[in-house]
Amino acid sequence: MRVIRLLLVALVPLAILGVFFVLPVTGMVSRGFWTDGSFDPGGVLDVLTRPRVHRVLWFTLWSAALGTLFSLALGLPAAHVLYRRRIRGGSVLRAALLAPFVLPTVVVGVSFRQLLTASGPLGFLGLDGTPAAIIAGLVFFNASVVIRVVGGAWESLDPRPAEAAAALGATPFQVLRTVTLPALRPAVVSAASVVFLFCATAFGVVLTLGGLRYSSVETEIYLLTTNLLDLQAAAALSVLQLVVVVGLLLAAARARRTADPSLARVVARPRRLARGDVPALVATSVLALLVLGPIAALVAGSLRTDGAWSLANYRALETTGQSSGQQHALLVPVTDALMTSLRTAVDATWMSLLLGLTVAVVATRRSRSRSERRVRTVLDGLFMLPLGVSAVTLGFGFLITLDRPPLDLRDSPLLVPIAQALVALPLVVRTLVPVLGSVDDRLRQAAATLGASPFRAALTVDLPVVGRPLLASAGFAFAVSLGEFGATSFLARDEHPTLPVVIFGLIGHPGPMNYGMALAASVVLAATTATVMLAVERLHVPVGST
Amino acid sequence: MLSLRDVSVAYDGVPAVTDVDLELPDGQVLAVLGPSGCGKSTILRAVAGLEPLSGGSVSWDGADLAGVPTHRRGFALLFQDGQLFPQLTVARNVGYAPRLRRAPDTAKRVGELLELVGLAGYGDRLPGTLSGGERQRVALARALAAEPRLLLLDEPLSALDTGLRERLAVDLRAILRTAGTTALMVTHDHEEAFTVSDRMAVMRAGRVVQEGPIADVWREPADPETALFLGYARVFRAAAAAAVLAAAGRPPAAAVAVRRSALSLDPSGPLAATVVSSRATPEQVRLVVDADGVGEADAVAPLDSHPGVGQRVRLAVDPGRLAVWESAPAAS
């Protein structure tokens, strides 16, 4: 009975997920399995034997593994320095190292190219277009994920067991090895699995830095669908990716199920730096250079035209770019694209918040029976799926399934925000679920026995707790939407592109002015995102990221 | 009047409460007493409408409450740890229910209630700044402010330390009396139940094993296990029971439960015993003795006596501190 009522409440988000997620993805996938109206799984299997596909798989695997490894190697010491040590300018450094998390992937790609290109500051290294550049780009992003997830857990780690170990004669290193790291293990495993996931499905960075030569599964799906129109191969890769990613998500969920120290909110006071912190400081400095270097190169590059400092690139943002032949690089000025991006982000934000809040509420209400608990867990997990499905698959699926009655959204201005809202959904749900889950259900019951209706009880009990996290997830959703490129690149209409689409278009067109405009537009996009993120950071909300 | 008829509650098909019948007349306080896990809190939650029944009915003044949601029942529930709304001041917490009803003069009522629970002037404090006892008093005031038809108390004092618990139990009794509140209290502490309530229901393994006026239950526990739970020290059967009863000047019976202080050192007492161990407490000396024809038993001695281990002593038995079963009670 209660299970039925629960399913009724969950029906709306389920229906939305069904229409805007399951339908497009299955549509895209089945396009590969059915050729000329007949079921043809053999064709898909054939795809998996192609040498190029093998190269792509192998590259995805080892680049993601190395990306994860380096992200952990730099992120863990940085988390220690930023959350357990008192350093001057710590909050600024923390904001700087956390910001890449939501920087638009296209911007990061452009920054690294600007840094590593033959004429760039590090051009002499000859790294442009190499796997090293791609991995550096992945680490740029994902070290911040490690810092965010592990740092939060580390900050709230009860310091007393470590003190007890020290009192029993353990050296600082032994304390780290025997007490601190085991206690952080769930957070580290969780961060590592998420980072691997992000690395393996990275799109913008690999596409802008790897081009055609180095392709991951995600960019290969994009190239197969847009350039080669080989839908069968694209579908095969999508299915493969879906299976692997769902497996990874399940493994990550299992790892998280062990006691999660991030829920005990005893914040230890950060200590002063000691000599033993030198290795951690070195790692943090390397990471800071890795993060700030490309950004600095980007900003500097955007301010230079024809070998002199100028704002010409920014002034050019009101134009449609340099023409090659008769055609301009863009259909609309970059400023228009910025407005489109902002409008789209607003829509995507309220959509993902509404959906995420409903899911979080349904997932965290107290279960009376085992079957009810199971239903809630499944729901919770179901809405994590968009995290695992390639945004490219989602975008292409939208394009081919929502283009005819009864749902013809091809020209609807809501199509792009809906896709972006789905991409942002897991982040919103992950921010809200722990907060709502930490509310003692008896507080709601107390309100009910005092005569408060369920709605009123939620206003009294849940709203004060969830208010700031809700604002924070609004910021995250907004930032994700601003930077979203994978799905948007399929769905944005040519006359209403978003900023990342425009930037990608500009770097694809020859001409120094187009390149300069791409740099300037990247700076504008990064600055907009960073402003939103800094506002979020001021809210001090812990964020889970799976 | 609250009536429970054949109430059963199950979690995942595992019964937590089975066929419970209870009646609670207006203005009375009923304590449901039982060891932890016996289902007593479940009964409270079922009455509040927080747990669905798997059988039977809960009704108020003859009207079945099935289908009436918690917030329309008018039963305020006081949790073990208060569950104050952390972001609201003490006054806002207490005034929560009156404001929901848009009652007039909320501020005045809140002031009166804070005075009643001994916290006048605490209105502007936040719950986080209060001690455990103060929080529980605020929670009580908040529950009373709802002017509930029935007040449900879930181990209201057990989170507090001993001294405070005893004081607050007396206060609670006085407050409930003053307000003329009908209350159902759940507790595992028989002294708390004795202090606060008029009637008592003893629960074990999901069933009510005994119910009645508190003094009756206290004097005549339904079975040995209930007796032990109510603070009786030991239960003797058959010949040992006859020996104890004979020493108390009563006819033999199947079994007898004795309180710790039922046997006391008395040179002219009828029962002979050997001291097994002795331990001084601030009020008396507590002995374990091997009584002739009885076996090991507890006894007390005045502080100025110093019976040594192995010493032969004589004991008197106070017939007022025994519970007697004429026929053999169920095995325990």
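Residues numbered from 1 in each chain as written. Chains lettered and ligands numbered in written order. Predicted model: local features only at pLDDT ≥ 70, side-chain atom pairs only at ≥ 80, totals over all residues. Heavy atoms only, no water.

1. Some points on the overall build of chain A
What chain A contains, in helices and strands, is 23 helices and 10 strands. The C-alpha radius of gyration of chain A comes to 24 Å, within 12% of the 24 Å expected for a compact globule of 546 residues. Within the span of chain A, comprising 546 residues, buried residues form 53% of the whole. Looking at chain A alone, contacts between residues at least 24 apart form 80% of all its contacts between residues at least 6 apart. Surface accessibility of chain A: about 23800 Å² in total, with carbon and sulfur atoms responsible for 67%. Charge centroids of chain A, computed over 44 positive and 28 negative side chains, lie 13 Å from each other. (Helix = DSSP H or I, 4+ residues; strand = E, 2+ residues; numbered from the N terminus. Rg over C-alpha atoms; globule rule 2.2 N^0.38 Å. Buried < 20%, exposed > 50% of the residue type's maximum accessible area, 1.4 Å probe, protein only. Contact = heavy atoms within 4.5 Å. Areas by Shrake-Rupley, 256 points an atom, 1.4 Å probe, with all protein chains shown as cover. Lys, Arg positive; Asp, Glu negative; His and termini not counted. Charge placed at Lys NZ, Arg CZ, Asp CG, Glu CD.)

2. Points about the interface of chain A and chain B
The figure often quoted for interface size is the accessible area lost as the parts come together. Contacts between the two partners involve 23 residues from chain A, matched on the other side by 25 residues from chain B. Across the chain A to chain B interface the summed buried area is about 2000 Å²; carbon plus sulfur atoms make up 59%. Joining chain A to chain B, the criterion identifies one salt bridge. In this structure, the salt-bridge partner of Arg442(A) is Asp81(B), at a minimum N-O distance of 2.9 Å. The tally of links between chain A and chain B comes to six residue pairs in polar contact (both at pLDDT 80 or more). Within the residue set of the side of chain A that touches chain B, elements represented by two or more residues are helix H15 (370-382), helix H19 (441-449) and helix H20 (454-483) of chain A. Among the elements that make up the side of chain A that touches chain B, the one with the highest residue count is H19(A) (seven residues). In terms of residue class, the side of chain A that touches chain B is built from 10 nonpolar, six polar and seven charged. (Buried area = accessible area lost by both parts, 1.4 Å probe. Salt bridge = Lys/Arg side-chain N within 4 Å of Asp/Glu carboxyl O. Polar contact = N/O pair within 3.5 Å; in protein donor to acceptor, adjacent residues only side chain to side chain. Nonpolar A, V, L, I, M, F, W, Y, C, P; charged D, E, K, R; others polar.)

3. What to know about the environment of Leu463(A)
In this structure, Leu463(A) sits in helix H20. With 39 residues separating them along the chain, Leu463(A) and Val502(A) place their C-alpha atoms 39 Å apart.

4. Some remarks on the UniProt feature "domain: ABC transporter" (unreviewed entry) in chain B
Under the UniProt annotation, the feature "domain: ABC transporter" (unreviewed entry) is placed at residues 2-230 of chain B. Across residues 2-230 of chain B one finds 35% helix and 27% strand; the C-alpha atoms that close the span lie 25 Å apart. (UniProt positions renumbered as here; feature names shortened; annotations may be inferred.)

5. Some points on a positive patch on the surface
On the surface, a cluster of positive charge is contributed by Arg456(A), Arg92(B), Arg99(B) and Arg102(B). Mapped onto the fold, Arg102(B) is located in the loop between helix H3 (96-100) and helix H4 (106-116). (Patch = residues over 30% accessible without salt bridge, like charges linked within 9 Å, V, L, I, M, F, W, Y side chains within 5 Å.)

6. Some details on the domain arrangement of chain B
Residues and elements named next belong to chain B. As assigned here, chain B comprises domain 1 (2-228) and domain 2 (232-325). Of the residues lining the interface, eight residues belong to domain 1; the matching set on domain 2 comes to 10 residues. For the domain 1 and domain 2 pair, buried surface summed over both sides reaches about 690 Å², with 59% attributable to carbon and sulfur atoms. Per-residue buried area on domain 1 facing domain 2 is highest for Pro224, Ala227 and Leu228; these three make up 56% of the total on that side. If you look at where domain 1 meets domain 2, you find zero salt bridges. Counting across the domain 1 and domain 2 interface gives four residue pairs in polar contact (both at pLDDT 80 or more). When residues of the side of domain 1 that touches domain 2 are traced back to their parent elements, those giving at least two are helix H8 (214-219) and helix H9 (224-229). (Domains from an automatic or database assignment.)

7. Examining the domain arrangement of chain A
All names here are of chain A. According to the domain assignment, chain A contains domain 1 (1-34 + 303-546) and domain 2 (45-271). In this assembly, 41 residues from domain 1 lie in contact with 41 residues from domain 2. For the pairing of domain 1 and domain 2, the buried interface totals around 3500 Å² over both sides, and the portion due to carbon and sulfur atoms is 76%. At the boundary of domain 1 and domain 2, one finds three residue pairs in polar contact (both at pLDDT 80 or more). Elements that contribute at least two residues to the side of domain 1 that touches domain 2 include exactly helix H1 (2-33), helix H16 (385-388), helix H17 (391-401), helix H18 (415-437), H20, helix H21 (488-491), helix H22 (499-507) and helix H23 (512-537). With nine residues, the single largest contributor to the side of domain 1 that touches domain 2 is H23. Taken together, the residues of the side of domain 1 that touches domain 2 sort by class into 27 nonpolar, 11 polar and three charged.

8. Brief notes about unusual backbone geometry
All names here are of chain B. Despite not being glycine, Asp6 shows a phi value in the positive range, around 50°. Its place among the elements puts Asp6 in strand S1 (residues 2-11). A residue is classified by how much of its surface remains accessible, and Asp6, at 41% relative accessible area, is partly exposed. The backbone of Arg102 sits at a positive phi, close to 55°, despite the residue not being glycine. The exposed category is assigned to Arg102, whose relative accessible area is 72%.

9. So, the nonpolar core
Within the largest apolar cluster, 147 residues are counted, with the highest numbers of intra-cluster contacts made by Phe112(A), Ile147(A), Leu287(A), Val334(A), Phe398(A), Leu422(A) and Ile503(A). Per-element tally for this core: the top contributor is helix H6 (residues 131-155) of chain A, with 16 residues. In this structure Ile503(A) touches Val106(A), Val107(A), Val110(A), Ala518(A), Ala521(A), Ser522(A) and Leu525(A), once residues within four positions along its chain are discounted. Phe85(B), Leu113(B), Leu157(B) and Ala193(B) belong to the second-largest nonpolar core, a separate cluster that totals 60 residues. (Core = buried A, V, L, I, M, F, W, Y, C linked by side-chain atoms within 4.5 Å.)

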